[in-house]
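Residue strings, one per chain:
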Amino acid sequence: MFKKLPKSFRNFYFLTAFIFLLWMLALDSNNLITRFQMSSKLRSLENEKEYYQEKIEEVEKDHNELFGDRESIEKFAREKYLMKKKTEDIFIVEEKD
């Protein structure tokens, strides 16, 4: 049976390369298909990382603007927590749909 194969298929180097290629394509735990899937997942995770880093920078910028000076802290406290000075009255206006 081995003698029926063409001479190039009986070559030791060809057989070794073929077995190695078969091993790397399908049989190994780090085969090429898995490598491609992992690299695509890595790219998507890196894109998510960039997105969340941009959001963190936006939140830090807003935080610095909000708590940067006394007037902005006071404005935030008045609007969010309905705080007031001793000489002021608060009127809450609710809009109906």
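Residues numbered from 1 in each chain as written. Predicted model: local features only at pLDDT ≥ 70, side-chain atom pairs only at ≥ 80, totals over all residues. Heavy atoms only, no water.

1. A few points about the overall build of the protein chain
Phase 1 of the analysis: A count of helices and strands for the protein chain gives three helices and zero strands.
Phase 2 of the analysis: Counting helices and strands in the order they occur from the N terminus, the protein chain gives α-α-α.
Phase 3 of the analysis: C-alpha atoms of the protein chain, sized along the principal axes, occupy 105 × 35 × 15 Å.
Phase 4 of the analysis: Counting every position in the protein chain, which comprises 97 residues, the buried fraction comes to 3%. (Helix = DSSP H or I, 4+ residues; strand = E, 2+ residues; numbered from the N terminus. Buried < 20%, exposed > 50% of the residue type's maximum accessible area, 1.4 Å probe, protein only.)

2. Re the UniProt feature "transmembrane region" (unreviewed entry) in the protein chain
Phase 1 of the analysis: Those places that UniProt annotates as "transmembrane region" (unreviewed entry) correspond, in this numbering, to residues 12-33.
Phase 2 of the analysis: Taken end to end, residues 12-33 comprises 82% helix and 0% strand; its first and last C-alpha atoms sit 27 Å apart. (UniProt positions renumbered as here; feature names shortened; annotations may be inferred.)

3. As for helix H3 (residues 70-81)
Phase 1 of the analysis: End to end, H3 covers 16 Å across twelve residues, agreeing with the expected 16 Å (1.5 Å per residue, within 8%).
Phase 2 of the analysis: Looking one or two residues past H3, Leu82 carries a phi angle of roughly 55°, positive in sign. (Expected span 1.5 Å × (residues − 1).)

4. Brief notes about a negative patch on the surface
Phase 1 of the analysis: On the surface, a cluster of negative charge is made up of Glu46, Glu50, Glu54, Glu57 and Glu60.
Phase 2 of the analysis: As for its placement among the helices and strands, Glu50 is situated in helix H2 (residues 32-66). (Patch = residues over 30% accessible without salt bridge, like charges linked within 9 Å, V, L, I, M, F, W, Y side chains within 5 Å. Areas by Shrake-Rupley, 256 points an atom, 1.4 Å probe, with all protein chains shown as cover. Salt bridge = Lys/Arg side-chain N within 4 Å of Asp/Glu carboxyl O. Lys, Arg positive; Asp, Glu negative; His and termini not counted. Charge placed at Lys NZ, Arg CZ, Asp CG, Glu CD.)

5. What about the pattern of salt bridges?
Phase 1 of the analysis: Overall, the coordinates contain one salt bridge when judged by the stated rule.
Phase 2 of the analysis: In this structure, Glu58 engages Lys55 in a salt bridge whose closest nitrogen and oxygen atoms are separated by 3.9 Å. With Glu58 and Lys55 both in helix H2 and three residues apart, this pair spans about one turn of that helix.
Phase 3 of the analysis: A residue is classified by how much of its surface remains accessible, and Glu58, at 42% relative accessible area, is partly exposed.
Phase 4 of the analysis: Since its relative accessible area comes to 36%, Lys55 is described here as partly exposed.

6. Remarks on the packing of aromatic side chains
The relative placement of two aromatic rings is captured by the distance of their centres and the angle of their planes.
Phase 1 of the analysis: Under the definition given, this model contains three aromatic pairs.
Phase 2 of the analysis: Summarising the aromatic geometry, the rings of Phe12 and Tyr13 are spaced 5.5 Å apart at their centres and angled 70° between planes, so their arrangement reads as edge-to-face. An identical accessibility class is assigned to Phe12 and Tyr13; each is exposed.
Phase 3 of the analysis: Ring centres of Phe14 and Phe18 lie 6.4 Å apart, and the angle between their planes is 15°; on these two criteria the pair is classed as stacked. Pair noted here: Phe14 and Phe18 are both in helix H1 (residues 12-27), with a separation of four residues, about one helical turn. (Phe/Tyr/Trp six-rings, centres within 6.5 Å; stacked < 30°, edge-to-face > 60°.)

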